[in-house]
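Okay, here's what each chain looks like letter by letter:
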Amino acid sequence: MPGKEKPPAKDKPAADTPDGERIAKVLSRAGVASRREAERLIELGEVMVNGKTITSPALNVTAKDRITVRGEPVAEPEPPRLWLYYKPEGLVTSASDEKGRDTVFDHLPEDMPRVMSVGRLDLNSEGLLLLTNDGELKRRLELPSTGWLRKYRVRVKGNPTEPEIEPLRKGITVDGDRFQPMEVKIDRHQGANAWLTVGLREGRNREIRRAMSHIGLTVNRLIRVSYGPFRLNELKPGEVEEVKPRILRDQLGLAERDAGTASKQGHAVPAGKTAADAPAKPGRRPPKPGAGLKPLSESWERAATLPPARQAPGRKASRPVRPVGPKKG
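Quick notes on the rules
- Residues numbered from 1 in each chain as written.
- Predicted model: local features only at pLDDT ≥ 70, side-chain atom pairs only at ≥ 80, totals over all residues.
- Heavy atoms only, no water.
- Buried < 20%, exposed > 50% of the residue type's maximum accessible area, 1.4 Å probe, protein only.
- Helix = DSSP H or I, 4+ residues; strand = E, 2+ residues; numbered from the N terminus.
- Contact = heavy atoms within 4.5 Å.
- Phe/Tyr/Trp six-rings, centres within 6.5 Å; stacked < 30°, edge-to-face > 60°.
- Polar contact = N/O pair within 3.5 Å; in protein donor to acceptor, adjacent residues only side chain to side chain.
- Core = buried A, V, L, I, M, F, W, Y, C linked by side-chain atoms within 4.5 Å.
- Salt bridge = Lys/Arg side-chain N within 4 Å of Asp/Glu carboxyl O.
- Pairing = 2+ DSSP bridges.

Draft legend 1. A look at helix 5 (residues 207-214). Along helix 5, the residues classified as buried are E207, I208, R209, A211 and M212. Where the residues of helix 5 are buried, they touch strand 10 (150-157), helix 4 (162-170), strand 11 (172-174), strand 12 (177-179), strand 14 (193-200) and strand 15 (218-227). Backbone geometry just after helix 5 places G216 at a positive phi near 90 degrees.

This is the structure:
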């Protein structure tokens, strides 16, 4: 009828969103494998949900679903944890090696849970390697968007000069790969060799070795000493130290429920007795998720200042590594 107002249009119902999370993400959070590796397991028919084999990762699951991988039930996800490990020279950073060489995971403490490496160090490199039980945390730490600086002590054959290394600071192209500008400092000359400090914000395969070779230098020792705010400190080859839950929260923006149920020794702690359960200081707001993935503050940059290079005695790759527990304090 003329003059009669039309009733307001009803909002259209939103499309139904499946409950739960993607199966590959759940497997990653449970420490079964990285998300990409979990997708491969699914495509190979190694994963079953509620007794049925699935072949596509396009599936959401909830806590009610029964998931098995290769016939073994998948446990509930544990809180994210992170370890600092001094990878010795001569170990492969992979779960298995087709050539039968020793891997990093062959030399970890027996009481450690299943862990994954954050990034890699090649066979002939040593130093700080981050390990985690959480596939999603691994993925976050490997993203270039973290902006985290990775520092290395690099020994090269020869006596490089400032003009010779200047191209590295501007960025170079090697075999069609464009390397971003590096932070390079000549620390000292030692006989026929020189020690450099190199900082990267990306981690391409053998990037430092290839870049040095491009300007006529041969790397004969390479030690990663820091990865963002995490430092090698006084760790010795083969030693492991777990990052405290509070540091995880502060640096990565993890919720207390995600990073507060593990002790420094790697064993469960009774409820109410973890560092994460301690009352927050008045007026201090918890960090927002992802806040810890912003570029390092000046204080962290100062903290990452490298100690003088130290000579380590020669080691054989086949020698058993004696892991030690985390330091106190």
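Draft legend 2. Structural detail: unusual backbone geometry. Positive phi is not limited to glycine here, since N50 has a value of about 55 degrees. Examined against the element boundaries, N50 turns out to sit in the loop between strand 2 (47-49) and strand 3 (52-53). On the basis of relative accessible area, N50 is assigned to the partly exposed category, the value being 33%. The backbone of R70 shows a phi angle near 55 degrees, a positive value even though the residue is not glycine. One can find R70 in the loop between strand 5 (67-69) and strand 6 (72-73). For R70, a relative accessible area of 58% puts it in the exposed group.

Draft legend 3. Quick look at the packing of aromatic side chains. Enumeration over the complete set of coordinates arrives at two aromatic pairs. Summarising the aromatic geometry, the rings of W148 and Y227 are spaced 6.4 Å apart at their centres and angled 90 degrees between planes, so their arrangement reads as edge-to-face. A residue pair is termed long-range when its members are at least 10 positions apart, and W148 in the loop between helix 3 (135-142) and strand 10 and Y227 in strand 15 qualify at 79 residues. Accessibility expressed as a relative area gives 2% for Y227, which makes it buried.

Draft legend 4. Quick peek at the environment of E202. With respect to the element layout, E202 can be found in the loop between strand 14 and helix 5. According to the relative accessible area criterion, E202 is buried, its value standing at 18%. In this structure the C-alpha to C-alpha distance between E202 and Q180, which are 22 residues apart in sequence, comes to 7.7 Å. Apart from the residues within four sequence positions on either side, E202 is in contact with R150, R178, F179, Q180 and E207. In this structure the side chain of E202 is engaged in a polar contact, spanning 3.1 Å, whose partner is the backbone nitrogen of Q180.

Draft legend 5. View of the nonpolar core. Formed by 32 residues in total, the largest nonpolar core has its most connected members in V154, V198 and M212. Not counting residues within four places of it along the chain, the set of residues in contact with V154 comprises A194, W195, L196, V198, I208, V219, R221 and L222. Within the second largest apolar cluster, 19 residues are counted, among which are I223, V225, F230 and L232.

Draft legend 6. Focus on the side chain of E207. Locating E207 in the fold gives a position in helix 5. Excluding residues that lie within four positions of it along the chain, E207 makes contacts with F179, Q180, M182, L200 and E202.

Draft legend 7. Here's a closer look at the pattern of salt bridges. The full count for this structure, using the stated rule, is 14 salt bridges. The residue R206 makes a salt bridge to D122 at a minimum N-O spacing of 3.6 Å. Of this pair, R206 sits in the loop between strand 14 and helix 5 while D122 sits in the loop between strand 8 (116-118) and strand 9 (126-132), and the two are 84 residues apart along the sequence. Residue R206 is classed as partly exposed on the basis of its relative accessible area, which comes to 39%. It is possible to trace a salt-bridge network through shared partners that takes in D122, R206 and R209.

Draft legend 8. Here's a closer look at the sheet that holds strand 5. In space, the four strands of this open sheet follow the order 3-2-5-6, with antiparallel pairing throughout. With one partner strand each, in any of the chains shown, strand 3 and strand 6 form the two edges of the open sheet. Looking at chain direction, strand 2 and strand 3 are connected through two bridges and run antiparallel. Bridge assignment links V49 to a residue of strand 3, and that residue is K52.

Draft legend 9. Structural detail: the pairing of strand 10. Summarising burial for strand 10: seven of the eight residues are buried, a large majority. In this structure, strand 10 lies alongside strand 14, joined through eight bridges in antiparallel fashion. Its bridge partner lying in strand 14, V154 is registered against L196. Pairing analysis gives eight bridges linking strand 10 to strand 15, with the strands arranged antiparallel. Across the sheet, V156 pairs through a bridge with V219, a residue of strand 15.

Draft legend 10. The arrangement of the pairing of strand 15 in detail. In terms of burial, strand 15 is a largely internal element, eight of the ten residues being buried. Alignment of strand 9 against strand 15, held across two bridges, turns out to be parallel. Bridge pairing links G127 to R224 in strand 15.

The analysis is restricted to geometry; functional conclusions fall outside its scope.
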